Amino acid sequence: MAAAGPVAGAEAPGPGPGEEAAGAGPPCPGPARLARLPLARVKALVKADPDVSLASQEAVFVLARATELFVETIAKDAYVYAQQGKRKTLQRKDLDNAIEAIDEFAFLEGTLD
Amino acid sequence: MAERPEDLNLPNAVITRIIKEALPDGVNISKEARSAISRAASVFVLYATSCANNFAMKGKRKTLNAGDVLSAMEEMEFQRFVAPLKESLEVYRREQKGKKEARKDKDKKADSEEQDKSREEENDDDDERMEEEEQNDEEEVDN
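Values in this document were obtained by computation on a predicted structure and should not be read as measured data.

## Some thoughts on helix α1 (residues 39-47) of chain A
Working step 1: Of all 9 residues in α1(A), 7 are buried; the element is thus mostly enclosed.
Working step 2: Regarding α1(A), the residues found buried are L39(A), A40(A), R41(A), V42(A), K43(A), L45(A) and V46(A).

## Digging into helix α2 (residues 57-84) of chain A
Working step 1: For α2(A), built from 28 residues, the straight-helix expectation of 40 Å at 1.5 Å per residue is met to within 8% by its first-to-last C-alpha distance of 41 Å.
Working step 2: Phi for K86(A), located one or two positions after α2(A), is positive at around 55°.

## Examining the domain arrangement of chain B
All names here are of chain B.
Working step 1: Taken as a whole, chain B is organised into domain 1 (1-76) and domain 2 (81-142).
Working step 2: Between domain 1 and domain 2, the contact holds 10 residues from the first and 8 residues from the second.
Working step 3: Here domain 1 and domain 2 share an interface that buries about 850 Å² over both sides, 71% of which is from carbon and sulfur atoms.
Working step 4: Considering only the side of domain 1, the residues that lose the most area to domain 2 are R17, L70 and M73, jointly responsible for 43% of the buried surface there.
Working step 5: Taken together, the connections running from domain 1 to domain 2 amount to 0 salt bridges.
Working step 6: Linking domain 1 with domain 2 are 0 residue pairs in polar contact (both at pLDDT 80 or more).
Working step 7: Counting residues per element, the ones that place at least two in the side of domain 1 that touches domain 2 are α1 (12-22) and α3 (66-75).
Working step 8: Looking at the side of domain 1 that touches domain 2 element by element, the count peaks at 4 residues for α3.

Conventions and cut-offs
Residues numbered from 1 in each chain as written. Chains lettered and ligands numbered in written order. Predicted model: local features only at pLDDT ≥ 70, side-chain atom pairs only at ≥ 80, totals over all residues. Heavy atoms only, no water. Buried < 20%, exposed > 50% of the residue type's maximum accessible area, 1.4 Å probe, protein only. Helix = DSSP H or I, 4+ residues; strand = E, 2+ residues; numbered from the N terminus. Expected span 1.5 Å × (residues − 1). Domains from an automatic or database assignment. Contact = heavy atoms within 4.5 Å. Buried area = accessible area lost by both parts, 1.4 Å probe. Salt bridge = Lys/Arg side-chain N within 4 Å of Asp/Glu carboxyl O. Polar contact = N/O pair within 3.5 Å; in protein donor to acceptor, adjacent residues only side chain to side chain.

Okay, here's the thing in structure tokens:
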């Protein structure tokens, strides 16, 4: 069952996504892919907020995908600093530099220690 | 057992894979950097949730929906996420619809949530579904 179908450049997602335990599809980085982060874990984080009563399943999914995009983004932004230091290994300090330099990451300041 | 929200983390293997795919071949990542990114991801979820919840409250709703999360992304200055997220959401909706239809054929007993496309359901049902999702979607299972 081709669930995800041929969408905007995304490669075939392999055998029924969601059907098998190891949802390890081919590494297609297209935007229209299913979440790799387990929704249950994301939901656990959502529930940790005392002000939140309920979250729809779709909301949890979008959060999971957003988090994946965030991880990609911050990894790439941090890597710029590794390159400046002529290193091929991303280190903690590259991350710290990115967080300090980039406005969107300001919310992370002081949270990673 | 008071578990701090910061302790709720996401599976290392998945985070690592996402990082590796975002970076050029041959690039490595130190354990400390990976662990810090993982923590950053958790903080991101918490912050985005809080932001999204503000939008839900503004709309006088008690349930966070996908639109609230998208609004939160804009608020957090991650507008460039919005388009790809919308696309993913479309795929997800189609997939859920397909799954539901397949399940309808299998389960003869009336589940009574057929028409619910927007999926704004009670926590209990959600949890049940989440359990299912967990089994289906989780790769490296920390059982």
